[in-house]
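Spelled out, the chains give:
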Amino acid sequence: MQMNQRCYIAFAIITLLIKVDLSHGSVEWCSSKLSLGTFQQTSDCLVTETTIVNSGKLNITGVENSELLSGIPRIFRTGHDRFKFRFFTVIGDGELELEKLVLTGGNVEYHIGSEYSWGGGAIYVSGPNTKLNILDSIFYDNRAYAGGSIFASNETNVVVENTKMGGITTTNTGGALWCGFINTTCTIKGSSTRVLYYRFRLTRKQITTMYPDLNDESVACPFHSNCIFES
């Protein structure tokens, strides 16, 4: 009985510590890839499937790191021709907030079906109870039929602040952001001085770091949506 009590107390303490860490964002998101809670990200994170945020808020904040190529962590996938998916799908009552992150390599291009399937190479957000906030980040080389990096629709609310955004689309529509339909509001604030880098191998012995273009940086606001641009 005494042993059981000790185990219970130890479990309660560990649970409390986890909750404290979550509240301060000191748990790495990449280690669990949960869809709810507050996390930090200190290193690059390879993703192999989408994270669906359909209830509550997911907050991920990158930690500045001079050893990383662009100074902030990447959330990325590799291989455009392999299994295709975006990083985040925000629906229902979901809210997503990302800060100081690079999102690159997301791909739903050439998927067949509804906008849910082919819109938003990095993030798809849709519905009157959803929210998306992006701060001080970089979106690059994400691919979709429309909304190369972000596809927003159906009365959602999106705020993008001090962020570099570009993407690739089949339709040449909204490489950075597609924001559509009545009562959908997308606010783009400020600008970013961050520089995006990547590395590739020229020969077996030489690796070169380069600054790539940001793809199509356009924002599309069709079907009577409300796009607000603030300097």
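The structure displayed is predicted, hence computed values, not measured ones. (Residues numbered from 1 in each chain as written. Predicted model: local features only at pLDDT ≥ 70, side-chain atom pairs only at ≥ 80, totals over all residues. Heavy atoms only, no water.)

Turning to the state of the cysteines, a few remarks are in order. If you walk through the whole model with that rule in mind, you get three disulfides. The side chain of Cys221 participates in a disulfide bridge whose partner is Cys227; the two sulfur atoms lie 2.0 Å from each other. Judged by the sign of its S-S torsion, about -100°, the bond between Cys221 and Cys227 is left-handed. Among the cysteines of the protein that take part in disulfides, numbered as they appear in the sequence, the pairing is 1-2, 3-4, 5-6. (Disulfide = S-S within 2.5 Å.)

With that settled, consider the layout of surface pockets. The space that makes up the largest pocket amounts to roughly 420 Å³. Arg74, Phe76, Thr104, Tyr197 and Tyr198 are, among the 21 residues lining the largest pocket, the residues nearest its centre. Breaking the lining of the largest pocket down by element, the ones donating at least two residues are β4 (74-76), β6 (102-104) and β17 (198-201). Split into classes, the residues belonging to the lining of the largest pocket amount to nine nonpolar, six polar and six charged. Taken as a whole, the second largest pocket encloses approximately 220 Å³ of empty space. (1 Å grid on protein atoms, 1.4 Å probe; cavity = no way out; pocket = protein on both sides within 12 Å on 5 of 7 lines; lining within 4 Å. Points joined across faces, edges and corners; volume = space filled by probe spheres on them. Helix = DSSP H or I, 4+ residues; strand = E, 2+ residues; numbered from the N terminus. Nonpolar A, V, L, I, M, F, W, Y, C, P; charged D, E, K, R; others polar.)

Turning next to the packing of aromatic side chains. A complete count under the given rule lists ten aromatic pairs for this structure. Look at Trp118 and Phe151: their rings are 5.7 Å apart centre to centre, the planes differ by 90°, and that puts the pair in the edge-to-face class. Linking Trp118 in helix α2 (residues 115-118) with Phe151 in strand β11 (residues 150-153), this pair joins segments that are 33 residues apart in sequence. Seen in terms of ring centroids, Phe181 and Phe223 are 5.1 Å apart; in terms of plane orientation they differ by 10°. Their pairing is stacked. (Phe/Tyr/Trp six-rings, centres within 6.5 Å; stacked < 30°, edge-to-face > 60°.)

The next subject is the pairing of β11. A two-sided burial pattern is seen for β11, the buried positions comprising Ile150 and Ala152 on one face and Phe151 and Ser153 on the other. In this structure, strand β7 (residues 123-126) lies alongside β11, joined through four bridges in parallel fashion. Across the sheet, residue Val125 finds its bridge partner in β11, namely Ala152. Pairing geometry for β11 and strand β15 (residues 177-180), over four bridges, is parallel. Among the inter-strand pairings, Ile150 is bridged to a residue of β15, identified as Leu177. (Buried < 20%, exposed > 50% of the residue type's maximum accessible area, 1.4 Å probe, protein only. Pairing = 2+ DSSP bridges.)

All right, on to unusual backbone geometry then. At Lys100, a residue that is not glycine, the phi angle is positive and equals roughly 55°. Looking at the element boundaries, Lys100 is found in the loop between β5 (88-99) and β6. The backbone phi angle of Phe181 is positive, close to 85°, even though this residue is not glycine. With respect to the helices and strands, Phe181 occurs in the loop between β15 and β16 (185-189). You can call Phe181 partly exposed: its relative accessible area is 29%.

Along β16, four of the five residues are buried, which leaves the element largely enclosed by surrounding structure. One ladder, built from five bridges, connects strand β12 (residues 157-161) with β16; its direction is parallel. Considered in β16, the bridge of Val160 is made with Ile188. Judged from the five bridges that link them, β16 and strand β20 (residues 226-230) form a sheet pairing that is parallel. Bridged to Thr187 within β20 is Ile228.

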